Amino acid sequence: MSLPPTAPDASAAEPAATTAAAIIAADDLVVLAEEDRRYLVRAEAKGGVRKIKGLGIFDPGRLVGYAWGTPIDQGTKTLRTLRPGIADITRGLARKAQIVQPKDTSRILFECDIRAGSRVIEAGIGSGALTSGLAWAVAPMGHVYTYELREDFTEWGQANLVRAGLDHLVTVKTRDIKLGADERDVDAVVLDMPDPWHAVGAAHDALRADGHLCTYNPLVSQLEQSREAMVEHGFQDLRTLELIERPWVVGERGSRPDHNFLGHTAFLTFARKA
Ligand code: SAH
């Protein structure tokens, strides 16, 4: 007597929808995403009551075992659980000083050719937004050296890097960059500080021949002084640009530019050591 054919097992025919990597594990960094807000949370094996700024009381123990992308209820909100990309991390940072926005960070990485293995000096750390982008790009074997004048920002920025799981790629020094950097032959120096022209000499000393310098200047007067200092120190190939980003509201009945788009942030000036 022959056995009746068994119905094909759907789960055996298709790769399982959830593999180990598709599930959030303890210690994974998770981005909880609302429409326009991001919260960076580390999943915890034990869990407990945590207060997360903007989100309220949340137990990170709830995340363990969740499939990435699955919505999770939090009070009246429904949050998506995202694997953190660098844009999510930047949006989720706790901010103090004005941060460098992704539109500018991404262009800095591109123009300064910052990539895996690069060694980069930066000043100052502020909230660590630009630092995070730099660290992300130089991983896994590159390094970022960041100089920061103020102890409170050193601590604030460093805490953000730890939260983002990027701190092992960054050395933070509470020092005035104008007094010189310890490193030599670095690939790039990026200056986001009020008077970067006073640090162009230090940047020159630290850079390798042909290395990249970038200054981030909110004001025209600052960009002019930065360029003057670059010319004085023999930098070449100077370029200044401003990026305007215009997000759109896309709806079923029609689409239009967002009324609240980000206006001016800063002028980026790039140069190369001769
Ligand atoms: N790029 C940061 C924001 C930096 S705000 C971000 O994206 O989050 C500018 C920072 O430069 C401040 O923290 C300020 O304390 C620091 N700073 C100002 N002058 C400095 C100097 N001479 N050396 C090092 N850091 C300096």
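What you are looking at is a predicted structure, and each value in this text was computed from that prediction instead of being measured. (Residues numbered from 1 in each chain as written. Predicted model: local features only at pLDDT ≥ 70, side-chain atom pairs only at ≥ 80, totals over all residues. Heavy atoms only, no water.)

Remarks on the site of the ligand
- In the vicinity of the ligand lie 23 residues, with V100, L130, E148, D176 and D192 positioned nearest.
- In this structure, an oxygen atom belonging to the ligand sits 2.9 Å away from a main-chain N or O atom of V100.
- The separation between an oxygen atom of the ligand and a polar main-chain atom of L130 is 3.1 Å.
- Expressed as a share of its isolated accessible area of 590 Å², the protein-covered part of the ligand is 92%.
- Counting residues per element, the ones that place at least two in the shell around the ligand are α4 (129–138) and β8 (143–148).
- Of the residues belonging to the shell around the ligand, the class tally is 12 nonpolar, five polar and six charged. (Near = heavy atom within 4 Å. Polar contact = N/O pair within 3.5 Å; in protein donor to acceptor, adjacent residues only side chain to side chain. Areas by Shrake-Rupley, 256 points an atom, 1.4 Å probe, with all protein chains shown as cover. Helix = DSSP H or I, 4+ residues; strand = E, 2+ residues; numbered from the N terminus. Nonpolar A, V, L, I, M, F, W, Y, C, P; charged D, E, K, R; others polar.)

Some remarks on the side chain of T215
- With respect to the helices and strands, T215 occurs in strand β11 (residues 207–217).
- A residue is classified by how much of its surface remains accessible, and T215, at 0% relative accessible area, is buried.
- There is a polar contact of 3.3 Å between the side chain of T215 and the side chain of N217.
- Once you skip the residues sitting within four places of it in the chain, T215 turns out to touch L191, P196, S226, M230, F267, L268 and T269. (Buried < 20%, exposed > 50% of the residue type's maximum accessible area, 1.4 Å probe, protein only. Contact = heavy atoms within 4.5 Å.)

Quick word on the nonpolar core
- In this structure, I108, I114, L134 and V190 are the most contacted members of the largest nonpolar core, which totals 38 residues.
- Sort the elements by how many residues they give to this core and α4 lands first, with six residues.
- Residue assignment places this core across two domains, with domain 1 (20–84) and domain 2 (89–272) each supplying three or more.
- With residues near it in sequence (within four places) discarded, I108 still touches V100, I114, L130, V190, C214, L268 and F270.
- Ranked by size, the runner-up nonpolar core spans 22 residues in total, among them I121, V186, L213 and M230. (Core = buried A, V, L, I, M, F, W, Y, C linked by side-chain atoms within 4.5 Å. Domains from an automatic or database assignment.)

Re the pattern of salt bridges
- Summed over the entire model, instances satisfying the criterion amount to 15 salt bridges.
- Several salt bridges share partner residues, and in doing so they unite R107, E111, D237 and R239 into one network. (Salt bridge = Lys/Arg side-chain N within 4 Å of Asp/Glu carboxyl O.)

Here we look at the sheet that holds strand β10 (residues 186–191)
- Read from one edge of the open sheet, seven strands run β9-β8-β7-β10-β11-β15-β12, paired in mixed fashion. Sheet topology places β9 (170–174) and β12 (236–241) at the edges, where each strand pairs with a single neighbour. Pairs of neighbouring strands in the sheet enclose a mean axial angle of 15°, with direction left out of account.
- Where β12 and strand β15 (residues 267–272) come together, four bridges link them in antiparallel fashion. When the sheet's bridge partners are listed, Q236 is paired in β15 with R272.
- In this fold helix α3 (residues 102–111) packs onto β10, β11, β12 and β15, with an angle of close to 10° to the strand it touches most, β15.
- The sheet contacts of α4 involve β7 (119–123), β8, β9 and β10, and relative to β8 the element is tilted by about 160°. (Pairing = 2+ DSSP bridges. Axes fitted to C-alpha atoms, helices over the stretch in contact; angles between N-to-C directions.)

A closer look at the state of the cysteines
- This structure, assessed with the given rule, holds zero disulfides.
- With no disulfide of its own, C112 lies closest to C214 among cysteine sulfurs, the gap being 5.0 Å. (Disulfide = S-S within 2.5 Å.)

Details of the packing of α3 against α4
- At a closest axis distance of 10 Å, the pairing of α3 and α4 adopts a crossing angle of 40°. For the element pair α3 / α4, the angle class is oblique. Where α3 crosses over α4, the handedness of that crossing is right-handed. Across the interface between the two elements, T105, I108 and L109 of α3 pack against L130, G133, L134 and A137 of α4.
- Of the residues contributing to the contact of α3 with α4, the split by class is five nonpolar, two polar and no charged. (Parallel < 35°, antiparallel > 145°, perpendicular 65-115°, else oblique. Left-handed = near helix turned anticlockwise from the far one by under 90°.)

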